[in-house]
Amino acid sequence: MSCGFSTRLFNICIASLCKASKLERAEAIIIDGIRLGYIPDVVTYNTLIAAYCRFVGVDAAYSVLFRMKEAGIKPNVISYNTLISGATRDCLPTRSLDLLEEMLQVGICPDAWSYNTLMHCFFKSGRPEEAYMIFLDMISRDVSPSSTTYNTIINGLCKTGNTGRLGQARRILKELGESGHAPNIITYTTVMKCCFRSGKFKQGLEIFTELKSKGYACDTFVYCTVISALSKLGRIREANAYIDEMERVGIGLDIVAYNTLINAYCKEGKLDIAFQLLNEIEKSGLQGDEYTHTILVDGLCKMGDIDAAIRHVRYMEMSGYGSSLVASNSLIHGLCKVGQVDSAITLFNRLKLKDSFTYSSLLHGLCKVRRYHTAFRIMLACVRDGIKVLTSARRAVLDGLRSSRFYREEKKLNCYVAWTNCHDNLFHVVVTMFGFAAEHLFLSLFCASWKHFAEYNMHLPINNGRFKSRGISSVFN
DNA sequence: TTAGGGTTAG
């Protein structure tokens, strides 16, 4: 008994070292502990696995699993769930699936936690159809979905663009409650964020009112979501009121909350307060991240202080934040806005990575100063790279080419765009066919009982029989 | 000792 108590204390000590990322020290303590008679148990090793996943990587964590077995300690479901979580953090769906396979092979039954994490991994990797198949496997093995399962699916489908019936977000929440799976604060935050993401601000704010009226305690996630949405809408006074409320109810500010605040002040044009907050972050022992500085760069661009924005991007590069694509996009947009299109082109050419924002901003800037032929060349490169620009940017280039009598270029560009659209349509048909599965899940999720749903899905062609051990990987590869 | 929700740009 006393030995068990000592092991608990020993594990607490290891956990605190791991939390502070002092892995070498934790390992040394384990060796010293063994000499003194403290025998590490499965909790000790699981703590170490979690820390290696967080601070080093899943491969290093997996080697701990190996050492654990060598020491005669059998890994349990938490050991594997932790590794799957590590693979998810690094966005490695194949790896997480292999770990599930290994669990089954060594006779450890995956639980809801394992499946939820695995589904999240596939959603995070932009593969909702496979996440759906994981869900089917979960059902076929009689593992009951939990509230986390619902939240993972709602969030995953929303982030991968399958918003489905989210147009009726409040009804979804009501149906979830009626089905006996009461939504929790995470469900509310997820659905609210989905509304904001799809531009349904009114509905999102109604959900916020609803969760407050139902007595849910708002946490920093809820406040950040709402404050950010209000900032985007330009409703700064209300955003400020919630910032005050957050402080009043004693919610401490982490880096994401600080970034949200800085963004609100930038949107209001109060750059001085935004920079004061940056100092406050550093004084409080936190550290600004890529988001913090990107928000500041964008704020400076929006205020027309391009020189300061350029200086801040240089500061970011020198301070090890890397070159943020979002910050560069803000800068390109800002340079075009103040008429420095050549500088925008120089920056554009320097970028190794470009996206739709980069191209759209520069194309708009070029059209604004009637440099349609340059815009034509850049847009050709963009189409060839398979990047889609805003419809307004494409329209501006085509209209400009026609008005400047560059008919041959206009025709060529139109051909390219039509060809790409044709491919997109074909792709859309394929995606829709597979997407049926995800959509079906979504409809069933809120309309039918889980049991009925699972039985029904057993007859779907996409689920020809249950997944079997070793069979599951072959479905995905 | 393990999972799900929050912050940036056109």
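Here goes a summary of the coordinates provided. (Residues numbered from 1 in each chain as written. Chains lettered and ligands numbered in written order. Predicted model: local features only at pLDDT ≥ 70, side-chain atom pairs only at ≥ 80, totals over all residues. Heavy atoms only, no water.)

## Examining the overall build of chain A
The line we're drawing: Strands here mean DSSP runs of E at least two residues long; helices mean DSSP runs of H or I at least four residues long; both are numbered from the N terminus. Partly exposed residues are those whose accessible area sits between 20% and 50% of the maximum for their type, while under 20% is buried and over 50% is exposed, using a 1.4 Å probe and protein chains only. Any two residues whose heavy atoms approach within 4.5 Å at even a single point are treated as in contact. Note on areas: Shrake-Rupley, 1.4 Å probe, and residue coverage restricted to the protein chains presented here.
The number of helices and strands found in chain A is 26 helices and 0 strands. Of all 477 residues assigned to chain A, the portion counted as buried reaches 48%. Across chain A, contacts joining residues at least 24 apart in sequence account for 62% of those joining residues at least 6 apart. Just so you have it, chain A exposes about 24600 Å², and 57% of that area is on carbon and sulfur atoms.

## Concerning the packing of helix 22 (residues 372–384) against helix 23 (residues 391–403)
Put simply, the rule is: Axes here mean lines fitted to C-alpha atoms, for a helix over just the part in contact, with angles spanning 0 to 180 degrees between N-to-C directions. Oblique is the label for any angle not under 35 degrees, not over 145, and not in the 65 to 115 range, which are roughly parallel, roughly antiparallel and roughly perpendicular in turn. Definitions for this section: a left-handed crossing has its near helix turned counterclockwise from the far helix by less than a right angle. A right-handed crossing has that turn clockwise.
Closest axis-to-axis distance for the helix 22/helix 23 pair is 9 Å, and the angle between their directions is 135 degrees. The angle between helix 22 and helix 23 places the two elements in the oblique class. Note that helix 22 runs across helix 23; the crossing there is left-handed. Side by side, helix 22 and helix 23 meet where Tyr372, Ala375, Phe376 and Met379 of the first sit next to Arg394, Ala396, Val397, Gly400, Leu401 and Ser403 of the second.

## Describing the environment of Gly339
Residue placement: Gly339 occurs in the loop between helix 19 (325–337) and helix 20 (341–350). Gly339 gets classed as partly exposed once you look at its relative accessible area, which sits at 49%. Residues Gly339 and Tyr150, 189 residues apart in the sequence, show an inter-C-alpha distance of 49 Å.

## Examining the pattern of salt bridges
Threshold: Whenever a carboxyl oxygen of Asp or Glu lies within 4 Å of a side-chain nitrogen of Lys or Arg, that contact is scored as a salt bridge.
Counted according to the given criterion, the structure contains 15 salt bridges. Lys214 serves as the salt-bridge partner of Glu210, at 3.6 Å between the closest nitrogen and oxygen. For Glu210, a relative accessible area of 11% puts it in the buried group.

## With respect to unusual backbone geometry
A positive phi angle is found at Ser21, which is not glycine, with a value near 60 degrees. Residue placement: Ser21 occurs in the loop between helix 1 (2–19) and helix 2 (23–36). At Arg405, a position not held by glycine, the phi torsion is positive, near 65 degrees. By the element assignment, Arg405 lies in the loop between helix 23 and helix 24 (407–447). Residue Arg405 is classed as exposed on the basis of its relative accessible area, which comes to 65%.

## Quick word on the side chain of Thr260
The following threshold applies: Here a polar contact is taken to be a pair of N or O atoms separated by no more than 3.5 Å, where protein atoms must pair a possible hydrogen donor with a possible acceptor and residues adjacent in sequence count only if both atoms sit in side chains.
Relative to the helices and strands, Thr260 resides in helix 15 (residues 255–267). When its relative accessible area of 11% is taken as the criterion, Thr260 is described as buried. A polar side-chain atom of Thr260 sits 2.8 Å from the main-chain carbonyl oxygen of Val256. Apart from the residues lying within four places of it in its own chain, the contact partners of Thr260 are Cys224, Ile227 and Ser228.

## As for the packing of aromatic side chains
Spelled out, the test is: Stacked, edge-to-face and tilted labels apply to pairs of Phe, Tyr and Trp rings (six-membered ring for Trp) whose centres lie within 6.5 Å, assigned for plane angles under 30 degrees, over 60, and everything in between, in that order. To sit over a ring, a charge needs its Lys NZ or Arg CZ within 6 Å of the ring centre and within 35 degrees of the ring normal.
Going through the model one piece at a time under the given rule, you end up with 5 aromatic pairs. Ring geometry for Tyr188 versus Tyr216: centroids 4.9 Å apart, planes at 55 degrees, classification tilted. Taken together, the residues Tyr188 in helix 11 (residues 185–197) and Tyr216 in the loop between helix 12 (201–213) and helix 13 (220–233) connect sequence positions 28 residues apart. Here Tyr188 falls in the buried class, since its relative accessible area comes to 1%. Over the aromatic face of Tyr62 sits the side chain of Arg95, whose NZ or CZ is 5.5 Å from the ring centroid. The residue whose ring lies beneath Lys354 is Phe348, and the NZ or CZ to ring-centre distance is 4.8 Å.

## Examining a positive patch on the surface
Where we set the bar: Surface patches are drawn from residues lacking salt bridges whose relative accessible area is over 30%; two like charges belong together within 9 Å, two nonpolar side chains (Val, Leu, Ile, Met, Phe, Trp, Tyr) within 5 Å. In this tally Asp and Glu are treated as negative and Lys and Arg as positive; neither His nor the chain ends contributes. Think of each charge as sitting on NZ of Lys, CZ of Arg, CG of Asp or CD of Glu.
Side chains of Lys159, Lys193, Arg197, Lys232 and Lys267 sit close together on the surface and give a patch of like positive charge. Along the polypeptide, Lys232 turns up in helix 13.

## Quick notes on the protein's contact with DNA strand B
Put simply, the rule reads: For this purpose, a residue is taken to be near a molecule or strand whenever a single non-hydrogen atom of the residue falls within 4 Å of it. Each residue receives one of three labels: charged for Asp, Glu, Lys and Arg, nonpolar for Ala, Val, Leu, Ile, Met, Phe, Trp, Tyr, Cys and Pro, and polar for the others, Gly being one of them.
Taken together, 54 residues surround DNA strand B, and among them Asn46, Asn151, Lys193, Asn259 and Ser356 come closest. When the atoms of DNA strand B within 4 Å of the protein are sorted by group, sugar and phosphate make up 38%. At a separation of 2.4 Å, a base oxygen of DNA strand B approaches a polar side-chain atom of Asn46. Thr260 is positioned such that a nitrogen or oxygen atom in its side chain is 3.4 Å from a sugar or linking oxygen of DNA strand B. Its residues assigned to classes, the surface near DNA strand B comprises 15 nonpolar, 29 polar and 10 charged.

Function cannot be read off these values alone, since they describe shape.
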